[in-house]
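Take a look at the letters that make up each chain.
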Amino acid sequence: MAADHNNDHRVGFRPVRDEVDETLSIEGDFPQWLSGTLLRNGPGTWHAGRQPLNHWFDGFAMLRRFRIDGGDGEVAYRNRFLDSGAYTYAREHGELGYREFATDPPTGPLGRLGRLRRLRSPNFTDNACVDVCRVGDRYLATTESPLVTEIDPRSLESGRRFEFGGFADTYTVHPHYDFDRGELVGYGTSFGGSESGYTLYSIPDGTEDVSVIGEVESDPPGYVHSFALTPNYIVLAEPPFVPSRRRLLTGSSVIDGYEWQPERGSRFHVVDRESGDVLARHRVAPFFCFHHINAFEREREGGGDSDDGVGGQGEIVLDLAAFEDASVTEALSLRRLVSAEPSPPAAELRRYCLPAPGSSRRGVESETLYPGHVELPAIDYANRNTHDYRYAYGVSNRERPPESFQNQLVKVDVRERDAVTWDESYAYPGEPVFVPAPDRGDDADGRNEDDGVILSVTLDAGAERSFLLVLDAATFQERARAWCPHPIPFGFHGQFYADGEERPTRSMA
Ligand code: CO
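Here's what I pulled together on the structure shown here. (Residues numbered from 1 in each chain as written. Predicted model: local features only at pLDDT ≥ 70, side-chain atom pairs only at ≥ 80, totals over all residues. Heavy atoms only, no water.)

**So, the sheet that holds strand 12 (residues 158-163)**
- Taken in spatial order, the 4 strands line up as 9-10-11-12 in an open sheet, and their pairing is antiparallel. One side of each edge strand has no neighbouring strand; the edge strands of this open sheet are strand 9 (131-135) and strand 12. Taking each pair of neighbouring strands and ignoring which way they run, the sheet shows an average axis angle of 35 degrees. (Pairing = 2+ DSSP bridges. Helix = DSSP H or I, 4+ residues; strand = E, 2+ residues; numbered from the N terminus. Axes fitted to C-alpha atoms, helices over the stretch in contact; angles between N-to-C directions.)

What follows is the structure, encoded as structure tokens:
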């Protein structure tokens, strides 16, 4: 096991064996006002008994909880594997029992016959390893399969497992929370026949009732991981990465069933949030995207004088982390990642400006806001989501193009097109989560938009431990860190729930 002795990103792909619950030792000082719980999700191991899994996205879910009490200067950490049917099966049988993102259960010839049906009735996994979500008073571990598991946000114990929605085959793990309207907004994707496409839904505060906003037909639908929300519109950015019948017959997993068809281009579907009608479709040069960053509406400078945008120069501005193509899905396979120089493709921070419905403008414009790698993006979500904004944060790479796994954090000023970074030898930071300082006297010019902190679970591959990093978001300098007892495998997403928060808000989509 020579790889285990490399002090590089490969430490972040080692399995975790222990579940712990302890108070962490702290360097620096946590802000007094910072009190709440950072709940995160991600893989804890990439082995199903004797069977190794193929992909970063395949690992068995392990929840991580950081209980932060800034007033007392205390941070407690706990980790616990999600008690899913998939994980239980793997432990009992020593192999995979359900289809993961890029690994299938071992199958004989009969199993292969099932592949034609795989996207309609895909024996989906309940290994919810991607994110957490609060709906009403419930906390859920989520994945793109409809099978979600309720979790106790304190003990991390798994609770009831149930099927979400019931109107689509897969669901986004990045629903938006609209702070102005007080509702969660998301979509599901359906594969096949007349129902093929996306179904948009909302869940108003105070209920767990999923109500359908509308449908977007697309056959076949693309792999759409997240979306854009503005006060009036939902925009789906659909890449030409689509399920292929031919590849489903020969492929070996869900993601192997997808094919890059650049001639199809990427499409933006613009939907009215009130009526659910598709108001416009735009086609642009092909690109791939996991994560949107923010979106908002504005009247273009020097444009018309109409208040309602009709006949004016209104536009929908949409920022996202754009890849050239979908090769990143293969680049995040473990075969590639667990090598000395994995060299994954880079995403740039790109802005698309779409004509608002009714606008006299034509055509879609795009521009690069930050050319370096940026992924797992975040903003001041609570105050800026769906509104014009100034700062985006993300994981990034020191080298361009990337040679290593993500090894720095970046803060991009999308107005000034400037960026600052944080990095350290042997450090591999995870998704940055922005927590705004309370009572900061917010103003629309973005002067106080970065008054707060960035939380990032960061691996120190030299020390072979992870720590919770706290950066001052304004200066992008370290304020504090809290040392965990072990290296935490690289995860995906999480949410910070501030103490006393009444609404089921999110700190990012
Ligand atoms: Co994601």
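After presenting the structure, the write-up continues.
**Some points on the pattern of salt bridges**
- Scanning the entire structure with this criterion turns up 33 salt bridges.
- Close ionic contact of D104 with R99 constitutes a salt bridge, the shortest N to O distance being 2.9 Å.
- Residue classification places D104 among the buried positions, given a relative accessible area of 11%. (Salt bridge = Lys/Arg side-chain N within 4 Å of Asp/Glu carboxyl O. Buried < 20%, exposed > 50% of the residue type's maximum accessible area, 1.4 Å probe, protein only.)

**Quick word on the coordination of the cobalt ion**
- At the metal site, the cobalt ion is ligated by H174 (NE2), H225 (NE2), H291 (NE2) and H493 (NE2), and these contacts range over 2.1 Å.
- If you look at the cobalt ion, its 4 donor atoms make angles of 90 to 159 degrees with each other, and the shape they trace is irregular.
- When the donors of the cobalt ion are listed by position in the chain, the intervening gaps give H-x50-H-x65-H-x201-H. Remark: H493 occurs in the loop between strand 36 (477-483) and strand 37 (494-498) and H291 occurs in strand 24 (residues 288-299); sequence separation between them is 202 residues. As far as the burial class goes, H291 and H493 line up, both buried. (Donors = N, O, S within 2.8 Å, 3.2 Å for Na, K, Ca; no water. Tetrahedral: all angles 85-135°; square planar, octahedral: opposite > 155°, others 65-115°.)

**Overview of the sheet that holds strand 29 (residues 391-396)**
- Overall, antiparallel pairing links the 4 strands, which are arranged 28-29-30-31 in an open sheet. Each of the sheet's edge strands pairs with one partner strand only, and the pair in question is strand 28 (375-378) and strand 31 (418-422). Across the sheet, the mean angle separating the axes of adjacent strands is 25 degrees when strand polarity is ignored.
- Sheet analysis places strand 30 (residues 408-413) next to strand 31, joined by 5 bridges and oriented antiparallel. When the bridges of strand 31 are listed, V412 appears paired with A419.

**Some thoughts on the nonpolar core**
- By size, the foremost hydrophobic cluster in this structure holds 74 residues, and its most contacted members are F30, W56, F66, I68, L455 and L468.
- When residues of this core are assigned to their parent elements, the largest contribution, 6 residues, is made by strand 7 (residues 60-69).
- Grouped together as the second largest cluster of nonpolar side chains are 29 residues, L140, F179, L184 and I293 included. (Core = buried A, V, L, I, M, F, W, Y, C linked by side-chain atoms within 4.5 Å.)

Shape descriptors only; they carry no functional weight alone.
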